[in-house]
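Listed below are the residues making up each chain.
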Amino acid sequence: MIFVRCENHGKNRIIPLYPAAIKALSDYISEIRPKMIADTDEESLFVNVSGDRMSRQGFWKIIKFYQEKAQIDKDITPHTLRHSFAAHLLENGADL
């Protein structure tokens, strides 16, 4: 397993990446992202359809799209996903 450290506004988070996530991220970085970026100097990992940094609103729209597509009635938020991810890690023996 690989761990990624993310820093944002003085907060640090350590995120475990499992093989399937590494493969998906690698494919995105090598195949998809280069076709999407508008400016080769763009440093953001995730970009929108215009090739600019994805905003939190853009991420929210993606969550809502897949919530509807999966016909999930319960409201799903980025925090819900984060909490579910943490619960899954704990259930499988991770130390948060």
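Structure's up top.
Presented here is an overview of the structure given in this document. (Residues numbered from 1 in each chain as written. Predicted model: local features only at pLDDT ≥ 70, side-chain atom pairs only at ≥ 80, totals over all residues. Heavy atoms only, no water.)

1. Details of the overall build of the protein chain
Phase 1 of the analysis: When helices and strands are counted, the protein chain shows three helices and two strands.
Phase 2 of the analysis: In sequence order, the secondary structure elements of the protein chain are arranged as β-β-α-α-α.
Phase 3 of the analysis: Overall size of the protein chain, expressed as C-alpha extent along the three principal axes, is 40 × 35 × 30 Å.
Phase 4 of the analysis: When each of the 96 residues of the protein chain is scored for burial, the buried share is 14%.
Phase 5 of the analysis: Put simply, of all contacts in the protein chain between residues at least 6 apart along the chain, 5% involve residues at least 24 apart.
Phase 6 of the analysis: For the protein chain, the computed accessible surface area is about 8200 Å², with 57% contributed by carbon and sulfur atoms. (Helix = DSSP H or I, 4+ residues; strand = E, 2+ residues; numbered from the N terminus. Buried < 20%, exposed > 50% of the residue type's maximum accessible area, 1.4 Å probe, protein only. Contact = heavy atoms within 4.5 Å. Areas by Shrake-Rupley, 256 points an atom, 1.4 Å probe, with all protein chains shown as cover.)

2. Focus: the side chain of threonine 77
Phase 1 of the analysis: When you line up the elements, threonine 77 lands in the loop between α2 (56-69) and α3 (78-91).
Phase 2 of the analysis: At 2.8 Å, the side chain of threonine 77 and the side chain of threonine 80 are in polar contact.
Phase 3 of the analysis: Apart from residues lying up to four places away in sequence, threonine 77 is in contact with Trp60 and Ile63. (Polar contact = N/O pair within 3.5 Å; in protein donor to acceptor, adjacent residues only side chain to side chain.)

3. Describing the pairing of strand β1 (residues 2-8)
Phase 1 of the analysis: Direction of pairing for β1 relative to strand β2 (residues 11-17): antiparallel, over a ladder of seven bridges. Bridging across to β2, cysteine 6 finds its partner in arginine 13.
Phase 2 of the analysis: Between β1 and the antiparallel strand that follows it, β2, lie two residues; histidine 9 among them carries a positive phi value of about 50°. (Pairing = 2+ DSSP bridges.)

4. Topic: the pattern of salt bridges
Phase 1 of the analysis: Taken as a whole and assessed by the stated rule, the structure comprises three salt bridges.
Phase 2 of the analysis: With its nearest N and O atoms 2.4 Å apart, the salt bridge here joins glutamate 7 to arginine 5. An identical accessibility class is assigned to glutamate 7 and arginine 5; each is exposed.
Phase 3 of the analysis: As a salt-bridge pair, aspartate 27 and lysine 23 come within 2.8 Å of each other at their nearest N and O atoms. (Salt bridge = Lys/Arg side-chain N within 4 Å of Asp/Glu carboxyl O.)

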